[in-house]
Every structure is written in structure tokens, then in C-alpha cells.
Amino acid sequence: MTNLTTEDIDAVCNLVEELCGICWDESKAYLIESRLASIVEQVGCENYRDFARKVRAELVPGLKEQVLDAVTTNETLWFRDGSPFEALQHKVIPELIDEKANTIFPKRMRIWSAACSTGQEPYSIAMTIADLLPDFDQWDIQILGTDISPAVVEQAKSGIYGELEIGRGMDALRLKRHFVKNGNKWQVNERIRSRCSFQPKNLHEPFTGFGPFDVVFCRNVAIYFSKEDQRTLFNKLADVLTPSGWLFPGSAESLAHCGPQWVAQQHCRSNCYRPNQTVLANA
Ligand SMILES: C[S@@+](CC[C@H](N)C(=O)[O-])C[C@H]1O[C@@H](n2cnc3c(N)ncnc32)[C@H](O)[C@@H]1O
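Rules used in this analysis
Residues numbered from 1 in each chain as written. Predicted model: local features only at pLDDT ≥ 70, side-chain atom pairs only at ≥ 80, totals over all residues. Heavy atoms only, no water. Helix = DSSP H or I, 4+ residues; strand = E, 2+ residues; numbered from the N terminus. Rg over C-alpha atoms; globule rule 2.2 N^0.38 Å. Buried < 20%, exposed > 50% of the residue type's maximum accessible area, 1.4 Å probe, protein only. Contact = heavy atoms within 4.5 Å. Areas by Shrake-Rupley, 256 points an atom, 1.4 Å probe, with all protein chains shown as cover. Lys, Arg positive; Asp, Glu negative; His and termini not counted. Charge placed at Lys NZ, Arg CZ, Asp CG, Glu CD. Patch = residues over 30% accessible without salt bridge, like charges linked within 9 Å, V, L, I, M, F, W, Y side chains within 5 Å. Salt bridge = Lys/Arg side-chain N within 4 Å of Asp/Glu carboxyl O. Axes fitted to C-alpha atoms, helices over the stretch in contact; angles between N-to-C directions. Parallel < 35°, antiparallel > 145°, perpendicular 65-115°, else oblique. Left-handed = near helix turned anticlockwise from the far one by under 90°. Near = heavy atom within 4 Å. Polar contact = N/O pair within 3.5 Å; in protein donor to acceptor, adjacent residues only side chain to side chain. Nonpolar A, V, L, I, M, F, W, Y, C, P; charged D, E, K, R; others polar. Pairing = 2+ DSSP bridges. Domains from an automatic or database assignment. Buried area = accessible area lost by both parts, 1.4 Å probe. Expected span 1.5 Å × (residues − 1). Core = buried A, V, L, I, M, F, W, Y, C linked by side-chain atoms within 4.5 Å.

(A) Looking closely at the overall build of the chain. Helices and strands together make up the secondary structure of the chain, namely twelve helices and ten strands. Over its C-alpha atoms the chain spans a radius of gyration of 20 Å, differing by no more than 12% from the 19 Å that the globule rule assigns to 283 residues. Along the three orthogonal principal directions, the C-alpha set of the chain runs to about 65 × 55 × 30 Å. Among the 283 residues that make up the chain, the fraction classed as buried is 48%. Look at the contacts in the chain between residues 6 or more apart in sequence, and 72% of them connect residues 24 or more apart. When the accessible surface of the chain is totalled, it reaches about 13400 Å², and 51% of it is carbon and sulfur. Side chains of the chain give 30 positive and 37 negative charges; the mean places of these two sets differ by 6 Å.

So, in C-alpha cells, the structure goes:
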């Protein structure tokens, strides 16, 4: 592969932004080489401009998906950052229990882990709730995990993790309680897996048919998007949350620039946001 030209870099950055909204610029030249060079060679392209054209043309089956798997950063771990899961346990779920008590579906909860990577986040949510509710099995709880990368969605569906992945945030007690050992791997047990479903989803597409959700975790993905795309994403999320729902962005992500429809709160040292009732009432 020849050295990257400015045109190559522009072609790849435009392609990546078009496919998934991730903002790359010339400072990411090393990522272009390390993540895409072998795919460019594999499909026999002379340079990255031809490659971008080929991906857009969708003539090579599975190529677009391969690029999405390569350009996304799927870093995740169990109970990442701790505090959002403490907030779930001590604040969000107890409030939802009270709120739902007098409704027609008193034991139903719907939760979305948007950009769930390999599944540690939605499974951590399910485990938190299972450990909290003595009658967990009587609850109608569904946790949806979505991600743009088909490869991570497949792993999330399997619920199978190696020692290294387990070593990142899973404690011995929960490992014993919520997993079965399978050779040198661990699989999330059926009780937890049956509450979680997974599907590919690009957060830049419309959310038609999604929701309403009581809780949305959308963490550590908006940081890769432009400010404008972040605003659009969080505004769309407001439309799929219940009026008293909860949104957890990543610890480095803020909705301060998203206008008045969100109210910031802090619970268990975790930042979260709720729909602004005044704005809703005047809508
Ligand atoms: C850093 S991981 C975060 C995983 C998890 N939420 C966490 O905080 O541990 C970011 C994920 O966002 C996904 N992603 C990137 N762009 C996306 C998009 N446009 N739509 C949906 N998911 C996207 C990536 O595939 C990746 O798995």
C-alpha cells in the first residue's frame, strides 16, 4: 500500500462519517492504516479513494459490515464506571417499581443499551436488576442491546466471554451466580440472557418502532460524533423515553448543549438526564 495522500485521508474520513457518523480527520491517519489497510488489499483496491467508492457501491457482499467492524472502537467492560449501576440499584429501579405499581403493567420495564458493543453493558444492567429484585423472575423486563458493528452484536447475542474479558470488571460472586463455564470460556446464564435481546442499529437512523423505554444507556459513543450529531441523537432519544424515563450518557458526555428538553440530575455520583416536564407540557 502506498503512503496515504490527503485525498485518501479525505475519502476515508468522509466514508466513515457517512457510514456511522464517527468523525475522523488527518490526525487519525494511523487508524486508517492500522484498521483498513488489510481490507483494502483484500478487495484489491489501488488506493483508499477506490476503496471508498467500492464500499459505497455495495458491490462486495459484507464489505460495508467489515468496514463498520474495523472502524468502530468497541472498548467496554462489566459495570463500567460503577456509578450508573449504583444509581440503577439505589434510585432508578426503586422509583420505577413505585411508579409502575398502579399501572396496567405493574411489573414491566423496558431498557435500551444503545451502542452496547459486545454486551457487557446490557448484561450488567440485567444482573444489577436480578440481584436487586427478589421476585426478578416474575417481572416482565426486557433489555435491548444495539450496536452498529455486526461482529460485536453477534458476540453479545452469544453471551460468551474469554478469561480476559471476564477479568475486566466481573467479580467472583456475580461470575458464580450469573454464568456457566464452557471449556475455557464463560457464558451468561439463560436466566439473564433471556432478558436481553440484540440487534444491529445505526444511531443516526430514525428510531421508528423503538421504545418507549424506561431507561436508556447511551454511553461512550456520542464522543465520536460531531456536536450537531450529538444534539440530534439525544433529541431523538428524548422521543423514545417515557415522560419519567432516565437517560445515562457516558461519564465524559454532557447534554448541556442539547437545549431545554433535558434536566440534569446526579445520583450515586452518576450524571443522568430526565425529560423536562415543563417542555413536555408545552409541546
Ligand atoms: C466505546 S464502545 C461503548 C460500549 C458501551 N456503551 C460502554 O460504554 O462500555 C462504543 C460503541 O459504539 C458503537 N457505535 C459507533 N458508532 C455507532 C453508530 N453510529 N450507531 C450505533 N453504534 C455505534 C461502536 O460499534 C462501539 O461498540
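(B) View of a negative patch on the surface. There is a patch of like negative charges on the surface, built from Glu-7, Asp-10, Asp-25 and Glu-26. Its place among the elements puts Glu-7 in helix 1 (residues 6–20). Residue class for Glu-7 comes out partly exposed when judged on its relative accessible area of 48%.

(C) Representation of the packing of helix 2 (residues 29–42) against helix 4 (residues 63–71) within the structure. Here helix 2 crosses helix 4 at 160°, and the two axes come no closer than 9 Å. In terms of their interaxial angle, helix 2 and helix 4 are classed as roughly antiparallel. The two elements helix 2 and helix 4 meet at a crossing, and its hand is right-handed. Every residue of helix 4 that contacts helix 2 at Arg-35, Leu-36, Ile-39 and Gln-42 is listed here: Leu-63, Gln-66, Val-67, Ala-70 and Val-71.

(D) Looking closely at the site of the ligand. In the neighbourhood of the ligand, 22 residues make up the surrounding shell, with Cys-20, Thr-76, Ala-115, Asp-147 and Asn-220 lying closest. Contact between the ligand and Asp-147: an oxygen atom at 2.6 Å from a side-chain N or O atom of the residue. Asn-202 is positioned with one of its side-chain polar atoms (N or O) 3.0 Å from a nitrogen atom of the ligand. Its residues assigned to classes, the shell around the ligand comprises seven nonpolar, nine polar and six charged.

(E) Representation of the sheet that holds strand 4 (residues 179–182) in the model. Read across the sheet, three strands follow the order 3-5-4 without closing on themselves; strand pairing throughout is antiparallel. The sheet is open, and its two borders are formed by strand 3 (160–161) and strand 4, each paired with just one other strand. By the bridge criterion, two bridges tie strand 3 to strand 5 (residues 185–188) in an arrangement that is antiparallel. Paired with Ile-160 across the strands is Gln-187, a residue of strand 5.

(F) The arrangement of the domain arrangement of the chain in detail. Its domain assignment divides the chain into domain 1 (6–71) and domain 2 (83–282). Computed from C-alpha coordinates alone, the two centres of domain 1 and domain 2 are separated by 30 Å. With nine residues of domain 1 in contact, the opposing surface of domain 2 contributes ten residues. Contact between domain 1 and domain 2 buries roughly 680 Å² in total, counting both sides, with carbon and sulfur atoms accounting for 60%.

(G) Representation of helix 6 (residues 120–132). Its 13 residues give helix 6 an end-to-end C-alpha distance of 18 Å, which sits within 8% of 18 Å, the value for a rise of 1.5 Å per residue. Burial analysis of helix 6 places eleven of its 13 residues in the buried class, which makes it a mostly covered element. Of all the residues in helix 6, the buried ones are Gln-120, Glu-121, Pro-122, Tyr-123, Ser-124, Ile-125, Ala-126, Met-127, Thr-128, Ile-129 and Ala-130.

(H) Structural view of the environment of Tyr-161. Considering the arrangement of structural elements, one finds Tyr-161 in strand 3. Apart from the residues within four sequence positions on either side, Tyr-161 is in contact with Trp-78, Thr-118, Gly-119, Gln-120, Tyr-123, Gln-155, Ala-156, Ile-166, Phe-179, Lys-185, Trp-186 and Val-188. Among the polar contacts listed, one links the side chain of Tyr-161 to the backbone oxygen of Thr-118, at a separation of 2.5 Å.

(I) How the structure looks around the nonpolar core. Grouped together as the largest cluster of nonpolar side chains are 52 residues, with contacts concentrated most on Trp-24, Leu-36, Phe-51, Trp-112, Leu-237 and Leu-247. With eight residues, the single largest contributor to this core is helix 1. Each of domain 1 (6–71) and domain 2 (83–282) contributes no fewer than three residues to this core. In this structure Trp-112 touches Leu-144, Thr-146, Leu-203, Phe-207, Phe-210, Phe-213, Val-215, Val-216, Phe-217, Leu-237 and Val-240, once residues within four positions along its chain are discounted. The next biggest cluster of nonpolar side chains, apart from the first, holds 39 residues, and it includes Val-92, Cys-116, Val-215 and Phe-248.

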